[in-house]
Structures are given as structure tokens and as C-alpha cells.
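# Examining the three-dimensional arrangement
Given next are the chains, with one letter for each unit.
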Amino acid sequence: MPPSSIGVIGAGAWGTALAQVAAKAQVPGGGRVLLWCRNPQAAVEINRTNTNASRLPGVSLAPSVLATADTAALADRDIVLIATPAQTVRDVLGKFRAILRPGTRIVITAKGLERGTAAFMTDVLAEMCPAAEPLVLSGPSFADDVVRGLPTAVTLAARTIDIARAVAEALSIPTFRLYVSDDLAGAQVGGAVKNVLAIACGIVVGRKLGESARAAVIARSFAELNRLGRVLGARAETLGGLSGLGDLVLSCSSAQSRNFRLGLALGEGRRLEDILGTQKGTSEGAYTASVVAALAVKHGIEVPIVSAVNEILEGRCSIDEAIEQLLQRPLKSEI
């Protein structure tokens, strides 16, 4: 298969890591991988130093990674990965909708549901760029691990397995393994819901409730993810795979997760406004929690952990009150 021309929209840590993967996957014989930056000065600095020091310090980028702030530069790309926060995807697509060619394979890597519409990112893409071919990349993956070549496995979903496989071949390297799927809904549900649940695990650690409590929260979180995922059209095997259970376990177990760190800081007694105002990058769960909670109400699904996180984030109850409410829930069958 000939190399594909690849562009990445979003020069944060994850977008930069994906550009590095794409550059390695395209050699020998590949062309430039274009990394689009919102800030023109950031593009200049990345090209000058061959690093993205503010997001991935100490990492030298492949020579074939070229940063640009010119949206038109991505017009000829066969594959475009969108690595911006979920709540900005609509705005970003608005900048590119007149530029991207019909049939361009758009790989969404944002993990969230749109506030106000509760839309999957693929639904936003269909509205903004209806002629594009949608794909979703999701799974247990930290940018720092990926860019440093540590073994990582993720899910790449598309409308058909053949479409997913063709793009997976263009992006795969020995340390970045892509498992293909045709369950677009399932690949998105896991990534969006686990961000909210990771906040809960961070709170458990911040409150020093113990590892037994964290294990229980992870297990019950997976039950909530399953209940909600199935009514949203996800397959059970996808929810139990890399983009569901795998991503949930990673995000609930490591302070590398921004959502876990948000919960950790909340559990330690810091104010939400202070945390969000000083963090680098986006904690998607803080913006998705209310959407997930509302969807659960709409479909009559019990998600007590998600609901507790949402009430804490919206200031309707304290962490101690939320913990007490969860512990006082009626005894019931686990299944």
C-alpha cells in the first residue's frame, strides 16, 4: 500500500505524539506529516527547535513532522487526525470544512460528548463535514508513552473493517498497535464516560480512602459504562475492550491522566475553578459529566458514580456528602 498523506489538527501533547507516530509509520517513502497549530508562533517554534517543548519536553520530533498554522495546507491530506478537546471539535471543523476534500478520512481522537447537544463527535463531524469518512481512535494511551515509543495498543473504528484496516496500516508502528473495529458508537462511549469515572477514582485517592475503595470504584464504574453504553448502541465486546475497559483502567490508575489528577486535587480539598485555571491541557470529564448524567436520566439508567461526580463538579454537594450517599445506597444484587 502506498504511503498516505497525513495531517494532524491540534498541536497539544496528544496531537504531537500522533504526528510523531504517523511520521514513523510513513517512512520509507512517506512525505511530510503536517501538524496544524492554532497559534502561528507555536508552529514557528516547533519547526525551529524540532520539539514541542511546552507539551512534550525532551522529545525530538521526526524530521518529516512539519508544523503549520495554515488551514489550507491540509487540503491535500488523505488522512486527517483531529486531536483537539471534544468541546472545540465543532469550531475546529468549521475552519476546515471548506478545505477538506470529499472522502477525506477524518480520525477523531477527542474523547467526549458535546455539551448542549449530547452528540457523539462523529455526529458533529457528519453535520459539519458530511462528505468526510469518519473514524475514531480511542484506547489506553498517554501521549508521553506513545511519543517515547513505549508499547501501546488502541482501537481504530470506522464504518467498515476495511476502511479501518487501511487507515490502521498507515498509522501502525511496532510500538503503536491498532486493533480495528466497525463499532463507532462503542469506541466513543468508552472514551467519553471513562473520563468522568476517572475523576471519581482521583477523588478516592485524594481523600485517602484506600486501594480497596479504588478497586471497587473501578469495577462499579465499568458496570455504569456498560449500562449506558448499551443503550447508546455500543457492543458489549467493544465496551470490554481497549476503548472501554482498557481506557477506564488506565485513566483510573495513573496520575498521568488529567481527569484523575482533577479528581485527586478535588479530593485533597482544592477548588474546581483553581484546578481548571492552572492545569495544562483539558480534563474532558469536567465538561462531559453533565452530558453523561443527563443521558442516563433520559434513558432511565442508574449511574450513581457519574451522578455523584457531576453533583460535586456543579457544587450541589460536597465530596463527603457524595461519599455518604453512595455508601448508603440500598443493598442489591451485583448483576
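Look up a bit, the structure's there.
Residues numbered from 1 in each chain as written. Predicted model: local features only at pLDDT ≥ 70, side-chain atom pairs only at ≥ 80, totals over all residues. Heavy atoms only, no water.

With that settled, consider the overall build of the protein. On a plain count of helices and strands, the protein comes out with 15 helices and 8 strands. Principal-axis analysis of the C-alpha atoms places the extent of the protein at approximately 60 × 40 × 35 Å. Classification of the 335 residues of the protein by burial places 54% in the buried group. Considering only intrachain contacts with a sequence separation of at least 6, the fraction spanning at least 24 residues in the protein is 75%. Only carbon and sulfur atoms are counted for the fraction: they give 55% of the accessible area of the protein, which is about 14,300 Å². (Helix = DSSP H or I, 4+ residues; strand = E, 2+ residues; numbered from the N terminus. Buried < 20%, exposed > 50% of the residue type's maximum accessible area, 1.4 Å probe, protein only. Contact = heavy atoms within 4.5 Å. Areas by Shrake-Rupley, 256 points an atom, 1.4 Å probe, with all protein chains shown as cover.)

For the rest of this paragraph, the subject is the pairing of strand β5 (residues 105-108). Of the two faces of β5, the one holding R105 and V107 and the one holding I106 and I108 are both buried throughout. Of the pairings in the sheet, the one linking strand β4 (residues 79-82) to β5 comprises 4 bridges and is parallel in character. In the strand pairing of β5, V80 is matched with I106. Note on the crossover from β4 through helix α3 (residues 89-96) to β5: the handedness is right-handed. Pairing of β5 with strand β6 (residues 133-138) involves 4 bridges; the strand directions are parallel. Bridged to R105 within β6 is E133. (Pairing = 2+ DSSP bridges. Right-handed = clockwise from strand over helix to strand, strands pointing away.)

Right, let's talk about the sheet that holds β5 for a bit. If you walk across this open sheet you meet the 8 strands as β3-β2-β1-β4-β5-β6-β7-β8, and the pairing is mixed. The open sheet terminates on both sides in strands that have one partner only, identified here as β3 (65-68) and β8 (176-181). Here the average twist between neighbouring strands, direction ignored, is 25°. As paired strands, strand β2 (residues 33-36) and β3 are joined by 4 bridges and run parallel to one another. What sits directly across from V33, in β3, is V65. This element, helix α1 (residues 13-26), spans β1 (6-9), β2, β3, β4, β6 and β8 of the sheet and lies at about 170° to β2. (Axes fitted to C-alpha atoms, helices over the stretch in contact; angles between N-to-C directions.)

It helps to recall that an α-helix has 3.6 residues per turn; residues three or four apart then point in one direction. Burial analysis of helix α14 (residues 304-313) places 8 of its 10 residues in the buried class, the great majority of the element. Looking at the buried side of α14, the elements it contacts are α7 (184-206), α8 (211-231), α11 (258-267), α12 (272-278), α13 (284-299) and α15 (319-327). Note on α14: the residue one or two positions beyond its end, G315, has a positive phi of about 75°.

What follows concerns the packing of aromatic side chains. Using the criterion set out here, one finds 1 aromatic pair in the structure. The interplanar angle of 85° and the centroid separation of 5.2 Å between the aromatic rings of W36 and F96 together place this pair among those described as edge-to-face. Taken together, the residues W36 in strand β2 and F96 in helix α3 connect sequence positions 60 residues apart. Accessibility expressed as a relative area gives 0% for F96, which makes it buried. (Phe/Tyr/Trp six-rings, centres within 6.5 Å; stacked < 30°, edge-to-face > 60°.)

Okay, the pairing of β8 next. Note: strand β7 (residues 152-158) against β8, 6 bridges, orientation parallel. The partner of L156 across the bridge, within β8, is V180. Handedness of the β-α-β unit built from β7, helix α6 (residues 161-171) and β8 comes out right-handed.

Moving on, we get to the side chain of T288. One can find T288 in helix α13. Residues in contact with T288, not counting those within four places in the same chain, are Q87, G112, L113, A192 and V196.

For the rest of this paragraph, the subject is the pattern of salt bridges. Across all of its chains, the model carries 19 salt bridges by this definition. Note that K194 and D247 form a salt bridge whose closest N and O atoms lie 3.7 Å from each other. Of this pair, K194 sits in helix α7 while D247 sits in helix α10 (residues 242-251); the two residues are 53 residues apart in sequence, bridging distant segments of the chain. The same class applies to K194 as to D247, namely buried. The network of salt bridges with shared partners includes R90, E114 and E127. (Salt bridge = Lys/Arg side-chain N within 4 Å of Asp/Glu carboxyl O.)

With that settled, the discussion passes to the state of the cysteines. Applying the stated rule across the entire model yields 0 disulfides. Free of any disulfide, C37 has its nearest neighbouring cysteine sulfur in C129, separated by 20 Å. The buried category is assigned to C37, whose relative accessible area is 2%. No disulfide involves C317; its nearest neighbouring cysteine sulfur is the one of C201, lying 17 Å away. A relative accessible area of 9% places C317 in the buried class. (Disulfide = S-S within 2.5 Å.)

Distances and angles like these do not, on their own, reveal function.
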